[in-house]
Amino acid sequence: MHRSRARAAAALAAVGAYGVHRWVAAADADPQAVRRKIAVATWSAPREGRLMSRLVVDADPVLDYVTARRAEGAAGLTAMHVVGAAAARALRAVPAGNARVLGGRVLPHRDVSVAFAVDIGRGSDLAPVKVPAADSRTPAEIATAVWQGVRALRAGTDRGFRTSGRVAAAVPVPLMRPVMSVASVVLGGLGLPLFGQQGHPLGSVFVSNVAPLGIEEVFLAPVPFARAHVYLALGAVTVRPVVRDGAVVPVRQM
(Lines give C-alpha, C1' and ligand atoms only; values in the text may rest on other atoms or scores of the structure.)
Protein backbone atom coordinates (compact mmCIF):
# COMPACT_ATOMS: atom_id res chain seq x y z
CA MET A 1 0.00 0.00 0.00
CA HIS A 2 2.83 2.36 0.97
CA ARG A 3 4.71 1.43 -2.17
CA SER A 4 1.67 2.30 -4.29
CA ARG A 5 1.38 5.67 -2.61
CA ALA A 6 5.09 6.30 -3.07
CA ARG A 7 4.84 5.43 -6.75
CA ALA A 8 1.82 7.71 -7.15
CA ALA A 9 3.63 10.52 -5.38
CA ALA A 10 6.69 10.00 -7.58
CA ALA A 11 4.51 10.04 -10.68
CA LEU A 12 2.79 13.26 -9.60
CA ALA A 13 6.15 14.83 -8.81
CA ALA A 14 7.42 13.85 -12.27
CA VAL A 15 4.34 15.33 -13.94
CA GLY A 16 4.71 18.50 -11.87
CA ALA A 17 8.38 18.79 -12.73
CA TYR A 18 7.58 18.32 -16.40
CA GLY A 19 4.91 21.02 -16.19
CA VAL A 20 7.32 23.43 -14.51
CA HIS A 21 9.95 22.62 -17.12
CA ARG A 22 7.49 23.30 -19.92
CA TRP A 23 6.37 26.56 -18.30
CA VAL A 24 9.95 27.80 -17.80
CA ALA A 25 10.89 26.80 -21.33
CA ALA A 26 7.80 28.61 -22.61
CA ALA A 27 9.08 31.85 -21.14
CA ASP A 28 11.92 31.83 -23.69
CA ALA A 29 9.88 30.44 -26.57
CA ASP A 30 10.28 31.86 -30.05
CA PRO A 31 7.27 34.17 -30.68
CA GLN A 32 7.08 33.06 -34.31
CA ALA A 33 7.03 29.40 -33.29
CA VAL A 34 4.23 30.09 -30.79
CA ARG A 35 2.22 31.96 -33.44
CA ARG A 36 2.65 29.09 -35.92
CA LYS A 37 1.53 26.64 -33.26
CA ILE A 38 -1.61 28.68 -32.55
CA ALA A 39 -2.30 29.12 -36.27
CA VAL A 40 -2.11 25.38 -36.97
CA ALA A 41 -4.55 24.72 -34.12
CA THR A 42 -6.87 27.57 -35.11
CA TRP A 43 -7.50 27.29 -38.83
CA SER A 44 -9.06 24.48 -40.84
CA ALA A 45 -11.21 24.33 -43.94
CA PRO A 46 -13.76 27.19 -43.70
CA ARG A 47 -17.28 26.19 -42.75
CA GLU A 48 -18.88 29.56 -42.09
CA GLY A 49 -20.19 32.05 -44.61
CA ARG A 50 -17.96 35.02 -45.40
CA LEU A 51 -18.58 38.25 -47.27
CA MET A 52 -15.41 39.86 -48.62
CA SER A 53 -15.46 43.32 -50.15
CA ARG A 54 -13.07 46.07 -51.17
CA LEU A 55 -13.82 49.74 -50.70
CA VAL A 56 -11.72 52.48 -52.31
CA VAL A 57 -11.93 55.93 -50.72
CA ASP A 58 -10.17 59.23 -51.32
CA ALA A 59 -7.28 59.46 -48.89
CA ASP A 60 -6.80 63.23 -48.80
CA PRO A 61 -9.72 64.04 -46.43
CA VAL A 62 -8.49 61.44 -43.93
CA LEU A 63 -4.83 62.41 -44.23
CA ASP A 64 -5.66 66.12 -44.00
CA TYR A 65 -7.67 65.44 -40.83
CA VAL A 66 -4.77 63.46 -39.33
CA THR A 67 -2.27 66.22 -40.18
CA ALA A 68 -4.49 68.93 -38.68
CA ARG A 69 -5.17 67.00 -35.47
CA ARG A 70 -1.49 66.09 -35.01
CA ALA A 71 -0.63 69.78 -35.36
CA GLU A 72 -3.10 70.43 -32.54
CA GLY A 73 -1.37 67.88 -30.29
CA ALA A 74 -2.91 64.52 -31.21
CA ALA A 75 0.40 62.66 -31.03
CA GLY A 76 0.54 59.26 -32.70
CA LEU A 77 -2.72 59.68 -34.60
CA THR A 78 -2.79 57.82 -37.93
CA ALA A 79 -5.32 56.90 -40.58
CA MET A 80 -5.70 53.51 -38.87
CA HIS A 81 -7.20 55.12 -35.79
CA VAL A 82 -9.58 57.20 -37.91
CA VAL A 83 -10.76 54.06 -39.71
CA GLY A 84 -11.25 52.29 -36.37
CA ALA A 85 -13.34 55.17 -35.02
CA ALA A 86 -15.44 55.22 -38.18
CA ALA A 87 -16.02 51.45 -37.99
CA ALA A 88 -17.11 51.72 -34.36
CA ARG A 89 -19.62 54.43 -35.22
CA ALA A 90 -20.90 52.34 -38.12
CA LEU A 91 -21.66 49.43 -35.78
CA ARG A 92 -23.34 51.80 -33.34
CA ALA A 93 -25.59 52.89 -36.21
CA VAL A 94 -26.19 49.27 -37.28
CA PRO A 95 -26.26 47.33 -33.99
CA ALA A 96 -27.21 44.08 -35.72
CA GLY A 97 -23.58 43.79 -36.79
CA ASN A 98 -22.29 44.23 -33.24
CA ALA A 99 -22.83 40.65 -32.11
CA ARG A 100 -21.32 37.19 -31.81
CA VAL A 101 -22.66 33.64 -32.11
CA LEU A 102 -22.97 31.39 -29.06
CA GLY A 103 -24.85 28.12 -28.93
CA GLY A 104 -26.61 28.78 -32.22
CA ARG A 105 -27.85 32.19 -31.07
CA VAL A 106 -26.73 35.65 -32.15
CA LEU A 107 -26.00 37.66 -29.01
CA PRO A 108 -25.27 41.40 -28.93
CA HIS A 109 -22.05 42.77 -27.49
CA ARG A 110 -22.32 45.04 -24.48
CA ASP A 111 -20.33 47.79 -26.17
CA VAL A 112 -18.57 48.52 -29.45
CA SER A 113 -14.94 47.57 -28.99
CA VAL A 114 -12.30 47.79 -31.70
CA ALA A 115 -9.03 45.85 -31.67
CA PHE A 116 -5.98 46.88 -33.65
CA ALA A 117 -3.16 44.62 -34.85
CA VAL A 118 0.14 46.15 -33.72
CA ASP A 119 3.76 45.25 -34.38
CA ILE A 120 5.56 44.44 -31.14
CA GLY A 121 8.60 42.63 -32.51
CA ARG A 122 9.86 44.76 -35.41
CA GLY A 123 7.98 42.64 -37.89
CA SER A 124 8.48 39.32 -36.11
CA ASP A 125 5.48 39.36 -33.78
CA LEU A 126 2.00 40.89 -33.71
CA ALA A 127 -0.53 41.38 -30.95
CA PRO A 128 -3.99 42.91 -30.66
CA VAL A 129 -4.72 46.02 -28.62
CA LYS A 130 -8.43 46.32 -27.81
CA VAL A 131 -10.07 49.69 -27.21
CA PRO A 132 -13.44 49.37 -25.42
CA ALA A 133 -16.31 51.76 -26.10
CA ALA A 134 -14.55 52.94 -29.26
CA ASP A 135 -17.75 54.39 -30.67
CA SER A 136 -17.74 57.07 -27.96
CA ARG A 137 -14.07 58.03 -28.38
CA THR A 138 -12.43 60.42 -30.77
CA PRO A 139 -9.75 59.10 -33.15
CA ALA A 140 -7.15 60.90 -31.00
CA GLU A 141 -8.41 59.18 -27.84
CA ILE A 142 -8.31 55.83 -29.63
CA ALA A 143 -4.73 56.53 -30.75
CA THR A 144 -3.70 57.30 -27.16
CA ALA A 145 -5.25 54.04 -25.90
CA VAL A 146 -3.59 52.01 -28.67
CA TRP A 147 -0.13 53.46 -28.05
CA GLN A 148 -0.46 52.80 -24.32
CA GLY A 149 -1.14 49.16 -25.15
CA VAL A 150 1.74 49.04 -27.64
CA ARG A 151 4.22 50.38 -25.09
CA ALA A 152 3.12 47.81 -22.50
CA LEU A 153 3.39 44.96 -25.00
CA ARG A 154 6.82 46.01 -26.26
CA ALA A 155 8.12 46.51 -22.72
CA GLY A 156 6.85 43.08 -21.67
CA THR A 157 4.72 44.52 -18.89
CA ASP A 158 1.41 43.25 -20.31
CA ARG A 159 0.83 40.29 -18.00
CA GLY A 160 -2.07 38.95 -19.99
CA PHE A 161 -0.06 38.70 -23.21
CA ARG A 162 2.87 37.07 -21.42
CA THR A 163 0.58 34.56 -19.72
CA SER A 164 -1.22 33.57 -22.92
CA GLY A 165 2.09 33.20 -24.74
CA ARG A 166 3.47 30.93 -22.06
CA VAL A 167 0.32 28.82 -21.99
CA ALA A 168 0.35 28.42 -25.78
CA ALA A 169 4.02 27.48 -25.74
CA ALA A 170 3.60 24.96 -22.91
CA VAL A 171 0.52 23.13 -24.24
CA PRO A 172 1.49 19.98 -26.18
CA VAL A 173 0.75 20.18 -29.90
CA PRO A 174 -1.92 17.40 -29.89
CA LEU A 175 -3.88 19.30 -27.24
CA MET A 176 -3.74 22.72 -28.93
CA ARG A 177 -6.88 22.27 -31.03
CA PRO A 178 -9.06 21.17 -28.06
CA VAL A 179 -7.62 24.05 -26.02
CA MET A 180 -8.48 26.52 -28.77
CA SER A 181 -12.01 25.09 -28.93
CA VAL A 182 -12.44 25.77 -25.21
CA ALA A 183 -10.99 29.24 -25.70
CA SER A 184 -13.51 29.88 -28.47
CA VAL A 185 -16.45 29.25 -26.15
CA VAL A 186 -15.04 31.03 -23.11
CA LEU A 187 -13.26 33.97 -24.76
CA GLY A 188 -15.23 34.56 -27.92
CA GLY A 189 -18.65 33.25 -26.92
CA LEU A 190 -19.10 33.98 -23.22
CA GLY A 191 -16.67 36.89 -23.17
CA LEU A 192 -14.90 35.65 -20.04
CA PRO A 193 -11.14 35.98 -19.42
CA LEU A 194 -8.98 32.91 -19.97
CA PHE A 195 -5.25 32.15 -20.23
CA GLY A 196 -4.42 35.77 -19.57
CA GLN A 197 -6.62 37.03 -22.41
CA GLN A 198 -9.60 39.29 -21.82
CA GLY A 199 -13.01 38.29 -23.09
CA HIS A 200 -13.76 39.09 -26.74
CA PRO A 201 -10.04 39.69 -27.42
CA LEU A 202 -10.65 41.18 -30.88
CA GLY A 203 -13.72 43.14 -29.88
CA SER A 204 -16.47 43.79 -32.38
CA VAL A 205 -14.13 44.98 -35.14
CA PHE A 206 -10.53 44.00 -35.86
CA VAL A 207 -8.39 46.48 -37.82
CA SER A 208 -5.05 45.60 -39.39
CA ASN A 209 -2.91 48.23 -41.10
CA VAL A 210 -0.89 46.62 -43.91
CA ALA A 211 0.15 49.97 -45.40
CA PRO A 212 3.66 49.88 -43.81
CA LEU A 213 4.28 46.74 -45.86
CA GLY A 214 3.52 48.62 -49.07
CA ILE A 215 0.48 46.41 -49.75
CA GLU A 216 -2.58 48.01 -51.30
CA GLU A 217 -5.15 45.45 -50.15
CA VAL A 218 -5.39 42.25 -48.13
CA PHE A 219 -8.32 40.05 -47.21
CA LEU A 220 -7.76 39.03 -43.60
CA ALA A 221 -8.32 35.50 -42.37
CA PRO A 222 -10.90 35.61 -39.55
CA VAL A 223 -9.78 34.22 -36.20
CA PRO A 224 -12.52 31.69 -35.31
CA PHE A 225 -12.03 31.57 -31.55
CA ALA A 226 -12.36 35.37 -31.19
CA ARG A 227 -15.80 35.39 -32.90
CA ALA A 228 -15.35 38.94 -34.19
CA HIS A 229 -17.70 39.71 -37.07
CA VAL A 230 -15.94 42.52 -38.91
CA TYR A 231 -12.33 42.61 -40.16
CA LEU A 232 -10.80 45.63 -41.86
CA ALA A 233 -7.43 45.76 -43.61
CA LEU A 234 -6.16 49.27 -44.31
CA GLY A 235 -3.89 49.33 -47.36
CA ALA A 236 -1.24 51.69 -48.65
CA VAL A 237 -2.18 55.06 -50.12
CA THR A 238 -1.60 55.13 -53.88
CA VAL A 239 -2.16 57.65 -56.65
CA ARG A 240 -4.77 56.41 -59.11
CA PRO A 241 -6.27 57.92 -62.27
CA VAL A 242 -9.85 58.91 -61.53
CA VAL A 243 -12.47 60.53 -63.77
CA ARG A 244 -13.74 63.76 -62.19
CA ASP A 245 -16.02 66.15 -64.11
CA GLY A 246 -15.21 64.38 -67.36
CA ALA A 247 -11.43 64.61 -66.95
CA VAL A 248 -8.87 62.10 -65.75
CA VAL A 249 -7.05 63.42 -62.70
CA PRO A 250 -4.56 61.86 -60.23
CA VAL A 251 -6.17 61.15 -56.85
CA ARG A 252 -4.63 59.67 -53.72
CA GLN A 253 -6.77 56.76 -52.64
CA MET A 254 -6.71 53.85 -50.21
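For the structure itself, consult the block above.
Analysis parameters
- Residues numbered from 1 in each chain as written.
- Predicted model: local features only at pLDDT ≥ 70, side-chain atom pairs only at ≥ 80, totals over all residues.
- Heavy atoms only, no water.
- Buried < 20%, exposed > 50% of the residue type's maximum accessible area, 1.4 Å probe, protein only.
- Helix = DSSP H or I, 4+ residues; strand = E, 2+ residues; numbered from the N terminus.
- Pairing = 2+ DSSP bridges.
- Axes fitted to C-alpha atoms, helices over the stretch in contact; angles between N-to-C directions.
- Phe/Tyr/Trp six-rings, centres within 6.5 Å; stacked < 30°, edge-to-face > 60°.
- Patch = residues over 30% accessible without salt bridge, like charges linked within 9 Å, V, L, I, M, F, W, Y side chains within 5 Å.
- Areas by Shrake-Rupley, 256 points an atom, 1.4 Å probe, with all protein chains shown as cover.
- Salt bridge = Lys/Arg side-chain N within 4 Å of Asp/Glu carboxyl O.
- Core = buried A, V, L, I, M, F, W, Y, C linked by side-chain atoms within 4.5 Å.
- Contact = heavy atoms within 4.5 Å.
- Parallel < 35°, antiparallel > 145°, perpendicular 65-115°, else oblique.
- Left-handed = near helix turned anticlockwise from the far one by under 90°.

Q: I would appreciate a short explanation of the pairing of strand β3 (residues 114-119) in the present structure.
A: Each regular strand displays side chains that alternate between the two surfaces of the sheet. Counting buried positions along β3 yields five of six residues, so the element is predominantly enclosed. Inspection of the sheet shows β3 paired to strand β5 (residues 205-209) by three bridges, in the parallel sense. Along β5, the bridge assignment pairs A115 with F206.

Q: Can you walk me through the sheet that holds strand β6 (residues 230-234) in this structure?
A: Taken in spatial order, the four strands line up as β4-β3-β5-β6 in an open sheet, and their pairing is mixed. With partners counted over all chains shown, the strands left at the sheet margins are β4 (126-131) and β6, one partner each. Direction aside, the axes of adjacent strands within the sheet are offset by 25 degrees on average.

Q: When you look at the packing of aromatic side chains in this model, what are you seeing that I'm missing?
A: Any two aromatic rings considered together are summarised by their centre-to-centre distance and by the angle between their planes. Using the criterion set out here, one finds one aromatic pair in the structure. Between F206 and Y231 the ring centres are 5.9 Å apart and the planes differ by 75 degrees, which places this aromatic pair in the edge-to-face class. Remark: Y231 occurs in strand β6 and F206 occurs in strand β5; sequence separation between them is 25 residues. Neither residue differs from the other here; F206 and Y231 are each classed as buried.

Q: Would you mind going over a nonpolar patch on the surface with me for this structure?
A: Among the surface-exposed residues, V185, L190 and L192 lie close enough to one another that they form a single nonpolar patch of about 240 Å² accessible area. The exposure class assigned to L190 is partly exposed, which follows from its relative accessible area of 43%.

Q: Before we go on, may I ask you to explain the nonpolar core in this structure?
A: Nonpolar side chains in soluble globular proteins tend to end up buried together. Judged by nonpolar contacts, the single largest core of 33 residues is most densely connected at V114, F116, V118, V131, I142 and V146. Those elements giving two or more residues to this core turn out to be α3 (60-71), α4 (79-93), β3, β4, α5 (139-155) and β5. Sort the elements by how many residues they give to this core and α4 lands first, with eight residues. In contact with F116, not counting residues within four places along its chain, are M80, H81, G84, A127, P128, V129, V131, I142, V146, F206 and V207. Within the second largest apolar cluster, 16 residues are counted, among which are M180, L202, F206 and F225.

Q: What is the right way to look at the side chain of S164 in this model?
A: Within the secondary structure, S164 is located in helix α6 (residues 159-170). If near-sequence neighbours (up to four positions away) are discounted, S164 is found in contact with F195 and Q197.

Q: Teacher, can you tell me more about the packing of α4 against α5 here?
A: For any two helices packed against each other, the geometry is given by the interaxial angle and the distance between the axes. As a packed pair, α4 and α5 sit with axes 9 Å apart at the nearest point and diverge in direction by 115 degrees. Of the possible angle classes, the one that applies to α4 and α5 is roughly perpendicular. In the packing of α4 onto α5, the handedness of the crossing is right-handed. Contact residues: H81, V82 and A85 in α4; P139, I142, A143, V146 and W147 in α5.

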